[in-house]
Amino acid sequence: MIDGWLRNPWPAEVLRDLARFKQGHVVANPPFFYAATPRHGVWALTQDAGDRALDGQILQLDEDVGPQFGMITTQTCDIEEPGTARKPWVQIAPVYDIEESIKESRGHLLRDRFAYLIHLDHPGLGDGLWVADFRIQFPVEKSWLVGRATIEAFGEERRYLDLAEKLASQVERPGVDQGLNIVFESIRRFWGSADAEDVDACDDVSSVRVLLTAGDRLNPTAAHVLVLTDQAAMRPERQARWNRWHERTIEAAAEAGLNLGRVEFSTMDACSARRFREAIRVIP
């Protein structure tokens, strides 16, 4: 269906302007729309503004109440598309100032502990605590980008790499057994804990992964957790916090049929590429 309506070449101004954009660039005043059945609405706007007589409705926020900015989440090579163009749209996530609502969780945001939010730190956005929110993304035809200014999201290239990893993690969640899900959710609660010592225990962590030692992802019988820091080994007192987390989780995992072995501590330098690839990513 889509290929049947592709027209090449695209207008020259579209091809010219696409070269200015990359994944993570921010644009002003993006659209915000979604489909819903208002009589079963789960978001307040759906219930307040929707027509309950309709089985389905497209709802769109007016520009004055919608997000001030949006972030392009489409990967860079799919924006400009060198060669024959086959992808007419890009995806845009809302970007907004969360200063007034984040409050007690501000520290977690700045430590990148939210799976669906990322903090934007470029001064070009102006005052505020700006985040991109990946819980909803909007398809926008590339023609919409013509003539629009680009705004950087981050001050360092490293943060654009962090963004790519976070976007990948939104969908890189293969089906797993309930026992593994229990472990995953327990890790995420520990990662998002408000306890100061738990927060410290997570500060140097580059990745948390689960290694299966018996069975497979859908029928596991034994596994252990791999906690990776960057170059320096985790300090003993921080390892102790992870070991206490482990003690709290063993029983629930066992009830689901999973033998949860020890927590293994290593560094990104020491962990082999094969071991890293075979382990199931949990954080980030």
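Quick summary incoming for the structure in this document. All values derive from a computational prediction rather than experimental measurement. (Residues numbered from 1 in each chain as written. Predicted model: local features only at pLDDT ≥ 70, side-chain atom pairs only at ≥ 80, totals over all residues. Heavy atoms only, no water.)

## A look at the overall build of the chain
- When helices and strands are tallied, the chain shows 10 helices and 12 strands.
- The principal-axis extent of the C-alpha atoms belonging to the chain is close to 60 × 45 × 45 Å.
- Here the contacts in the chain between residues at least 6 apart in sequence split such that 71% fall between residues at least 24 apart.
- Summed over all atoms, the accessible surface of the chain reaches about 15600 Å², with 49% contributed by carbon and sulfur.
- Computed over 33 positive and 44 negative side-chain charges, the inter-centroid distance for the chain is 4 Å. (Helix = DSSP H or I, 4+ residues; strand = E, 2+ residues; numbered from the N terminus. Contact = heavy atoms within 4.5 Å. Areas by Shrake-Rupley, 256 points an atom, 1.4 Å probe, with all protein chains shown as cover. Lys, Arg positive; Asp, Glu negative; His and termini not counted. Charge placed at Lys NZ, Arg CZ, Asp CG, Glu CD.)

## Comments concerning the layout of surface pockets
- Space inside the largest pocket adds up to approximately 1000 Å³.
- If you trace the largest pocket, you find 35 residues lining it, with D112, E165, S206, I283 and P284 closest to the centre.
- Only α5 (106-110), α6 (157-171), α7 (178-191), α8 (196-203), β9 (205-215) and β12 (280-283) provide two or more residues apiece to the lining of the largest pocket.
- Sorting elements by how many residues they give to the lining of the largest pocket places α6 first, with 7 residues.
- Broken down by class, the residue content of the lining of the largest pocket amounts to 13 nonpolar, 5 polar and 17 charged. (1 Å grid on protein atoms, 1.4 Å probe; cavity = no way out; pocket = protein on both sides within 12 Å on 5 of 7 lines; lining within 4 Å. Points joined across faces, edges and corners; volume = space filled by probe spheres on them. Nonpolar A, V, L, I, M, F, W, Y, C, P; charged D, E, K, R; others polar.)

## Thoughts on the nonpolar core
- With 24 residues, the main nonpolar core has V183, I187, V208, V210, V225, W242 and W245 as its most contacted residues.
- Secondary structure elements with two or more residues in this core: α7, α8, β9, β10 (220-229), α9 (236-255), β11 (259-267) and β12.
- Of all the elements, α7 adds the most residues to this core, at 6 residues.
- Ignoring sequence-local partners within four residues, the contact set of V208 consists of I187, W191, V225, L226, V227, W242, I280, R281, V282 and I283.
- Ranked by size, the runner-up nonpolar core spans 17 residues in total, among them I118, L120, W130 and F134. (Core = buried A, V, L, I, M, F, W, Y, C linked by side-chain atoms within 4.5 Å. Buried < 20%, exposed > 50% of the residue type's maximum accessible area, 1.4 Å probe, protein only.)

## A closer look at the side chain of S186
- Within the secondary structure layout, S186 lies in helix α7.
- Taking relative accessible area as the criterion, S186 reaches 9% and is therefore assigned buried.
- Leave out the neighbours within four places in its chain, and S186 touches W245 and T249.

## Details of the sheet that holds β10
- What the 4 strands build is an open sheet, ordered β11-β10-β9-β12; its pairing is mixed. Looking along the sheet, the strands with just one partner apiece sit at the ends: β11 and β12. When strand polarity is set aside, the average angle formed by the axes of neighbouring strands in this sheet is 25°.
- Sheet analysis places β9 next to β10, joined by 9 bridges and oriented antiparallel. From the neighbouring strand, A214 faces β10, where its bridge partner is A222. (Pairing = 2+ DSSP bridges. Axes fitted to C-alpha atoms, helices over the stretch in contact; angles between N-to-C directions.)

## Some remarks on the packing of aromatic side chains
- Summed over all chains, the structure comprises 9 aromatic pairs.
- Ring plane angle 70° and centroid distance 5.6 Å describe the contact between Y34 and W43, whose orientation is recorded as edge-to-face.
- Taken together, a centroid distance of 6.1 Å and an interplanar angle of 65° make the contact between F114 and Y116 edge-to-face.
- F114 sits in the buried class, given a relative accessible area of 17%.
- Taking relative accessible area as the criterion, Y116 reaches 29% and is therefore assigned partly exposed.
- Taken together, F32, F33, Y34, W43 and F138 form an aromatic cluster joined through their ring pairs.
- In this structure, K22 packs its charged tip against the face of Y160, placed 4.2 Å from the ring centre.
- Sitting over the ring of W144, R148 keeps its end group 3.6 Å from the ring centre. (Phe/Tyr/Trp six-rings, centres within 6.5 Å; stacked < 30°, edge-to-face > 60°. Lys NZ or Arg CZ within 6 Å of the ring centre and 35° of its normal.)

## Notes on the packing of α7 against α9
- Two elements in contact, α7 and α9, have axes whose closest approach is 10 Å; the angle formed by their N-to-C orientations is 145°. Crossing geometry of α7 relative to α9 is assigned as right-handed. Contacts between α7 and α9 involve I182, V183, S186, I187 and F190 from the first element and R241, W242, W245, R248, T249, A252 and A253 from the second.
- In the contact of α7 with α9, the residues fall into 8 nonpolar, 2 polar and 2 charged. (Left-handed = near helix turned anticlockwise from the far one by under 90°.)

## Concerning α6
- Turning to α6, its buried residues number three or more, namely R159, Y160, L163, K166, L167 and S169.
- Looking at the buried positions of α6, the neighbouring elements they touch are β4 (69-72), β6 (117-120) and β12.

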